[in-house]
Amino acid sequence: MTNAVLIAGGGIAGLAAAVGLAHAGWRPTVCERAPAFSEVGAGVQLGPNVTRILHAWGAEAALDLAGFQPERLLARDLHSGEVLASLSLKDAQHRYGSPYVTMHRAALHGLLLQLAQSHNVMLHNNQQVQKLHDQTNGVTAHYSNGVTHTSHDMAVVADGVWSQLRLQLLGDGEATFTGHIAYRALMAQTDLPATLRTQDVTVWMGPNAHVVHYPVRGGEWLNVVCLLEAVPAEVEWSEHQNTLTPEGWQSLQSWNTQQTFAQTQQSLQHALRGAHSHLQQLIEHEVDWRLWPLCGRPPMRGAHEHAIGRVALIGDAAHPMLPYLAQGAGMAIEDAFELAQQVPTNATADVQQGLLRFAKARWQRNARVQHRAIRNGNIFHAQGPLRFARNMGLRVLGARLMDVPWLYGYNAGK
Ligand SMILES: Cc1cc2nc3c(=O)[nH]c(=O)nc-3n(C[C@H](O)[C@H](O)[C@H](O)COP(=O)(O)OP(=O)(O)OC[C@H]3O[C@@H](n4cnc5c(N)ncnc54)[C@H](O)[C@@H]3O)c2cc1C
């Protein structure tokens, strides 16, 4: 009899865990509290460290179909528009053995869902896992509808940045608002003037803010994200999260907010004042902009944040991060792959040992990526002499500064 694993959360981390564990011979059940398996948001970038795993799971053709391989990564000064440095992304296949891909998040989620279905993973909607009880012979799950299940050899917590299950298991508090917000929009490239159409990933770096855009949906759409160090008026917030009112928390968690176009413009024009004319044109494009608060935790401090008894924590539940290295979903997929490598299928007695190996193999890498994302934020948002030094460094060292071999060359599970 194959071992049964309960996965709480059907986002990118939960579905990736289901695929990886099903591959390794487990019998996964995914419980998602939402009424449907779907993904909000816009674009996602996947480095070769991630596409390598999707290929290993047999998704190479699906990834080719749903993904787009951008030409280059460009670093530009937000004010002057100068291209400070450029790295070929098309070369990723040659340098790292797998491609650098951009895609719509719903397409990535759909790809993982299809893989899970093809492995006969049990998928339940409207099923909120309220509590996990780790016992010597297995994990008991209590659901919000009052039902209890006892027959799981292992559980995986993949309930995202606002993880209530983590709170229960580790008791280390809620994620906190970072003071950074993202405005996201999708634009049809055909609606843009020729000067704004692009096949590249571009980062425009300015004081306390940056803008990233890249093609998705076969290159026909542009995913645009403006990242600002700003606190919207709706939220009472200070450095001490305790001053945030319950209503404030509620509004943070439910944001995939659409403001009026005028409100969005007011915030963006203020934060990105003095931006290069091309960027100005892009921001002024009249589309549906969505606001997203960036919440997180300090970088991981130890293996205990990844596994406790027979329960693994993965994805944003374990290590939410600023999106400034574009690797949050990537690390969730790496977690899933490593978990499947480390936890044996039929020797029930070894599950806890396997989880310990998984946790030890993952936490330092995730902490390093979290640290690097914070550092990237400081570099992207630099002002004064730091900005001058950044621009000089990029002009001189170019691609050597932008490539990240320790990140992209990593082979999860090896
Ligand atoms: C602006 C922005 C840009 C980004 N860009 C990139 C990028 O380019 N590349 C990249 O790799 N990453 C990127 N990320 C990060 C990435 O989106 C996240 O790291 C990733 O989506 C996390 O997936 P997850 O499955 O852990 O969490 P989630 O996507 O939050 O999924 C959690 C799921 O669990 C469900 N759930 C919650 N509680 C329960 C419960 N008790 N029981 C059952 N179900 C439950 C939720 O409904 C949800 O479906 C970006 C993030 C942001 C904000």
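Residues numbered from 1 in each chain as written. Predicted model: local features only at pLDDT ≥ 70, side-chain atom pairs only at ≥ 80, totals over all residues. Heavy atoms only, no water.

Caption draft 1: Just the site of the ligand, in detail. Taken together, 29 residues lie near the ligand, and A13, E32, Q45, R105 and D316 sit nearest. Between the ligand and G328 there is a distance of 3.2 Å, counted from a nitrogen atom to a backbone nitrogen or oxygen. Backbone polar atom of A329 to an oxygen atom of the ligand: 2.9 Å apart, as the coordinates give it. Bound to the protein, the ligand loses 87% of the 1,000 Å² it would expose on its own. (Near = heavy atom within 4 Å. Polar contact = N/O pair within 3.5 Å; in protein donor to acceptor, adjacent residues only side chain to side chain. Areas by Shrake-Rupley, 256 points an atom, 1.4 Å probe, with all protein chains shown as cover.)

Caption draft 2: Structural detail: the packing of aromatic side chains. This model, assessed by the stated rule, comprises 3 aromatic pairs. With a centroid separation of 5.9 Å and an interplanar angle of 65 degrees, the aromatic rings of Y96 and Y408 are classed as edge-to-face. One end of the pair, Y96, is in helix α4 (residues 92–96); the other, Y408, is in helix α14 (residues 405–408), and 312 residues separate them in sequence. Accessibility assignment for this pair places Y96 and Y408 in one class, buried. Seen from their ring centres, Y100 and Y408 are 5.9 Å apart, and the 85 degrees between their planes marks the pair as edge-to-face. Taken together, the residues span a long stretch of sequence, with Y100 in the loop between α4 and β6 (101–104) and Y408 in helix α14 at a distance of 308 residues. Given a relative accessible area of 9%, Y408 falls into the buried group. (Phe/Tyr/Trp six-rings, centres within 6.5 Å; stacked < 30°, edge-to-face > 60°. Helix = DSSP H or I, 4+ residues; strand = E, 2+ residues; numbered from the N terminus. Buried < 20%, exposed > 50% of the residue type's maximum accessible area, 1.4 Å probe, protein only.)

Caption draft 3: Layout of the sheet that holds strand β8 (residues 129–135). On the basis of which strands lie adjacent, the open sheet formed by 3 strands has the order β8-β9-β10 and antiparallel pairing. Two strands close off the open sheet at either side, each with one partner strand: β8 and β10 (148–152). The mean angle between the axes of side-by-side strands here comes to 20 degrees, regardless of whether they run parallel or antiparallel. Pairing of strand β9 (residues 138–143) with β10, which is carried by 3 bridges, proceeds in the antiparallel orientation. (Pairing = 2+ DSSP bridges. Axes fitted to C-alpha atoms, helices over the stretch in contact; angles between N-to-C directions.)

Caption draft 4: Fine view of helix α2 (residues 48–56). With 8 of its 9 residues buried, α2 lies for the most part within the structure. Every buried residue of α2 is accounted for by P48, N49, V50, T51, R52, I53, L54 and H55. Within two residues after α2, G58 carries a phi angle of roughly 85 degrees, on the positive side.

Caption draft 5: Structural detail: helix α12 (residues 384–397). The first and last C-alpha atoms of α12 sit 20 Å apart over 14 residues, in line with the 20 Å expected at 1.5 Å per residue. When α12 is considered as a whole, its buried residues turn out to be R390, N391 and L394. One face of α12 carries all of its buried residues, which in axial projection span an arc of 95 degrees. Residues P385, F388 and V396 are exposed on α12 and point more than 90 degrees away from its buried face. Packed against the buried residues of α12 are β4 (72–77), β5 (83–88), β13 (201–206), α11 (351–380) and α13 (399–402). Two residues or fewer past α12, G398 is found with a positive phi of approximately 50 degrees. (Expected span 1.5 Å × (residues − 1). Arc of directions from axis to C-beta. Contact = heavy atoms within 4.5 Å.)

Caption draft 6: Highlighting the sheet that holds strand β7 (residues 122–124). Ordered by their spatial adjacency, 6 strands build an open sheet running β7-β2-β1-β11-β19-β18, and the pairing between neighbours is mixed. Looking along the sheet, the strands with just one partner apiece sit at the ends: β7 and β18 (307–308). One ladder, built from 3 bridges, connects strand β11 (residues 154–157) with strand β19 (residues 311–313); its direction is parallel. Residue pairing in the sheet places A155 in a bridge with V311 of β19. Contacting β11, β18 and β19, α11 crosses the sheet at an angle of about 15 degrees to β19.

Caption draft 7: Representation of the pairing of strand β17 (residues 290–296) within the structure. Summarising burial for β17: 5 of the 7 residues are buried, a large majority. Pairing of strand β12 (residues 176–188) with β17 involves 7 bridges; the strand directions are antiparallel. When the bridges of β17 are listed, I181 appears paired with P293.

Caption draft 8: Focus on the pairing of β5. Bridge analysis of β4 against β5 gives 5 bridges, and the strand direction is antiparallel. The partner of A75 across the bridge, within β5, is A85. Between the antiparallel neighbours β4 and β5 lie 5 residues, among them G81 with a positive phi of about 80 degrees.

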